[in-house]
Amino acid sequence: MSSDDLHWFTTLAELERVGAAAERLHLTQPTLSRMLARLERRLGVQLFDRHGKRLTLNDFGRVYYEHARRAQSELDAAARELADLANPAKGVVRLAFQHSLGARLVPELIAGFRRTSGRITFTLSQDAADVVTDAVVDGTADLALVSPKPTTPGLGWRPLLRQRLALAVPADHRLATRRHIHLAEAADAEFMAMHPGFGMRRVLDDLCAAADFRPRITFECSNLGTIAGLVAVGLGVALLPLEDPRVMGLQPGLTLLPLADPNATRTVGMIWSPAAAPSEAARRFRDYAFTWADAQPEP
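Given the structure is predicted, the values throughout are model-derived calculations rather than measurements.

Novice: Mind showing me how you'd approach the overall build of the protein here?
Specialist: Scanning the protein for helices and strands turns up 10 helices and 11 strands. Its C-alpha atoms give the protein principal-axis dimensions of about 75 × 50 × 30 Å. Within the protein, the proportion of its 299 residues that are buried is 45%. Pairs at least 24 residues apart make up 73% of the contacts formed inside the protein by residues separated by at least 6 positions. Of the accessible surface of the protein, which amounts to about 15,600 Å², a share of 52% is contributed by carbon and sulfur atoms.

Shown next as structure tokens:
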């Protein structure tokens, strides 16, 4: 099966509609249908169950899809490695990261690296911690920045920095005049929180469990800036990294109370797949991030 065959088959398997796949591949529907029929005749099995215009991978198709996806990933890695050998000053780093790391950490790392990295460029994607971790596992990202350390086995992990955490409260809140606070003192408050699957949500759940209470969550979203805005207008409290409010996009009317709880920090780190050979560009950026981390002061 050629690289082109791998591409059209995985596209069809993921979209499960001949029309949508043909449009994306810039083919006609009859042409794509004939390509699928030839492949199934060669393999001696049907790969899809047909439901009108919709296709669904069957047991044979799922097995073939997993092998095809891995084969495509290997071919892509080989192409990147050859490009690196031909011109090591060039290359692309596919970097995934959580939303909350995009305002400060990601720009700082890339800016420092680009000063000495020649013509290496970046493809950036941001999402929840679970999603960016999966991107590294399935090979669609070379590296990812996440917090806390993922529970997914088999990943490389290197802490880059620790951030102190604070309870964000409205400026007129009963606790707003405190210099610091234990999280349990806000056990009766309404919390603004990230959706499950986001790194800060896991940090909040873990800290609340350690403080022996379950937070009463009234709003969930996927952006720390939105959470800060909800707190600022008096709708509740939230757990946020203790950083410059201008960097975090926090709004007036918000007070950050440093947490006095043990381990009231979040560790931000880099993950990669040891099973995948990194491109020269990704290896160089990873090495730069490690050197950068070694120079950071303790919080």
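Novice: Is there a simple way to think about the nonpolar core in this case?
Specialist: A general feature of soluble globular proteins is that nonpolar side chains tend to end up buried together. L167, F191, I227 and L259 are the most contacted members of the largest nonpolar core, which has 40 residues in total. Elements with a contribution of two residues or more to this core: β6 (156–170), β7 (190–194), α7 (199–210), α8 (224–232), β9 (237–241) and β10 (254–258). Broken down by element, the residue count for this core peaks at six residues, all from α8. Beyond its immediate sequence surroundings of up to four residues, I227 is in contact with M192, A193, M194, C221, A238 and L240. Counting 24 residues, the second-largest nonpolar core is a separate cluster that includes F97, V268, A289 and F290.

Novice: Just checking my understanding: could you explain the pattern of salt bridges for this structure?
Specialist: One side chain can pair with another of opposite charge once the charged atoms of both are near each other. Taken as a whole and assessed by the stated rule, the structure comprises 14 salt bridges. With its nearest N and O atoms 3.3 Å apart, the salt bridge here joins D188 to R174. Linking D188 in the loop between β6 and β7 with R174 in the loop between β6 and β7, this pair joins segments that are 14 residues apart in sequence. Given the relative accessible area of 54%, D188 is considered exposed. According to the relative accessible area criterion, R174 is exposed, its value standing at 55%.

Novice: Looking at this model, I keep getting lost on helix α10 (residues 280–294). Mind explaining?
Specialist: Turn by turn, an α-helix covers 3.6 residues, leaving residues three or four places apart pointing in a common direction. Compared with an ideal rise of 1.5 Å per residue, which puts 15 residues at 21 Å, α10 spans 21 Å between its outermost C-alpha atoms and is within 8% of the ideal. Within α10, burial applies to A281, A282, F285, R286, A289, F290, W292 and A293.

Definitions and cut-offs
- Residues numbered from 1 in each chain as written.
- Predicted model: local features only at pLDDT ≥ 70, side-chain atom pairs only at ≥ 80, totals over all residues.
- Heavy atoms only, no water.
- Helix = DSSP H or I, 4+ residues; strand = E, 2+ residues; numbered from the N terminus.
- Buried < 20%, exposed > 50% of the residue type's maximum accessible area, 1.4 Å probe, protein only.
- Contact = heavy atoms within 4.5 Å.
- Areas by Shrake-Rupley, 256 points an atom, 1.4 Å probe, with all protein chains shown as cover.
- Core = buried A, V, L, I, M, F, W, Y, C linked by side-chain atoms within 4.5 Å.
- Salt bridge = Lys/Arg side-chain N within 4 Å of Asp/Glu carboxyl O.
- Expected span 1.5 Å × (residues − 1).

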